[in-house]
Amino acid sequence: MKKISAHMVVKNEQHWVWFAIQSLINHVDEFLILDTGSSDATLSIIKTISDPKISIDTYSGGLTPAILTDLRQKLLERSTGDWILIVDGDEIWTDSGARELIDTINFAGDNYDFLVTPCKNLLGDIFHCQSESAGRYHIGPYRGHLTIRAVNLNRLPGLHFSNDYPLEGLHDADHVLIQSRHPLKTRLMTHPYLHATFLHRAGHPRLNPQTLSRSAKFKYELGNRLPADFSYPSCFYFPRPRIVPSPWPRRNLWFTLNAAWQTPFKLIKRRIFN
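In short, a report on the structure. (Residues numbered from 1 in each chain as written. Predicted model: local features only at pLDDT ≥ 70, side-chain atom pairs only at ≥ 80, totals over all residues. Heavy atoms only, no water.)

When helices and strands are tallied, the chain shows five helices and 15 strands. A compact globule built from 274 residues should have a C-alpha radius of gyration of about 19 Å, and the chain, at 18 Å, falls within 12% of that. For the C-alpha atoms alone, the extent of the chain along its principal axes is close to 50 × 45 × 40 Å. The proportion of buried residues among the 274 residues of the chain is 52%. Look at the contacts in the chain between residues 6 or more apart in sequence, and 77% of them connect residues 24 or more apart. If you sum the accessible surface of the chain, you get close to 13100 Å²; carbon and sulfur atoms cover 53% of it. For the chain, the centre of its 31 positive side-chain charges and the centre of its 26 negative side-chain charges are spaced 7 Å apart. (Helix = DSSP H or I, 4+ residues; strand = E, 2+ residues; numbered from the N terminus. Rg over C-alpha atoms; globule rule 2.2 N^0.38 Å. Buried < 20%, exposed > 50% of the residue type's maximum accessible area, 1.4 Å probe, protein only. Contact = heavy atoms within 4.5 Å. Areas by Shrake-Rupley, 256 points an atom, 1.4 Å probe, with all protein chains shown as cover. Lys, Arg positive; Asp, Glu negative; His and termini not counted. Charge placed at Lys NZ, Arg CZ, Asp CG, Glu CD.)

Taking 1.5 Å per residue as the helical rise, helix 3 (residues 65–78) with its 14 residues ought to reach 20 Å, and the 21 Å between its terminal C-alpha atoms agrees with that figure. Leu68, Thr69, Leu71, Arg72, Gln73, Leu75 and Leu76 are the residues of helix 3 that are buried. Buried positions along helix 3 lie against strand 1 (4–10), strand 2 (30–35), strand 4 (83–86), strand 11 (160–162) and strand 12 (169–171). (Expected span 1.5 Å × (residues − 1).)

Attention now goes to the pairing of strand 6 (residues 114–123). Burial analysis of strand 6 places nine of its 10 residues in the buried class, the great majority of the element. Taken together, the five bridges between strand 6 and strand 10 (residues 146–152) define a ladder with antiparallel strand orientation. The residue of strand 10 that forms the bridge with Thr117 is Thr147. Sheet topology places strand 6 next to strand 13 (residues 186–188); three bridges connect them, and they run parallel. Within the sheet, the bridge partner assigned to Val116 lies in strand 13 and is Leu188. (Pairing = 2+ DSSP bridges.)

Spatial relationships are all this shows, so hold off on functional conclusions.
Next up, the structure:
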């Protein structure tokens, strides 16, 4: 079995960070977490998870796009695994998605530089997500709501982060983006994780401006309802500390009304520019 190191850099992720960690903690060998100055309950929530795999550091200096990339590099240098798994505090993996990813790493991972994973970008609540047509990422032959989250350190000596957030990327020893290497050695997973980047994430909306690019991320959009038989992550059903918010509240009337008039314009714009 391969040793897997999970990385997480957080700031003001009170709503989802507990679920993000719980969805993967049993699938990795170490979980390196760096808090970059949270002013909500993020750090307290992380500390409620008692697991020797978790290592928590804090950074309290001024945070800029360049510094954020440098902090990700420092986590990379601390990794002791064969693979790294990059996880944000707003990404919650389904049980089937986590199993598929880890099984692929363990039984076929030697063939790949990295794995491509789809995601569901949530809108308003955990029951609605952005249309697949809105996904604009291109990774080799794949297009859509896609991310690179699992990377094979054994095949990529000299791996490092370059460029400032949010354009930071992983490069090989020849300074080539790993998704631009030729021939491309990757594989697309079939099970998506849930991405809460467009939902409220901090303990209070007024804290959003404290986090790089956060204020622009919340979206009013109706989206598509997830299927009635969608298998939500089992961690949503776990007993949780009182400090951890419930994942189950539905979007309110104010959100729905705002999303109803904004959605048509977004769909027209998407059709023109996509």
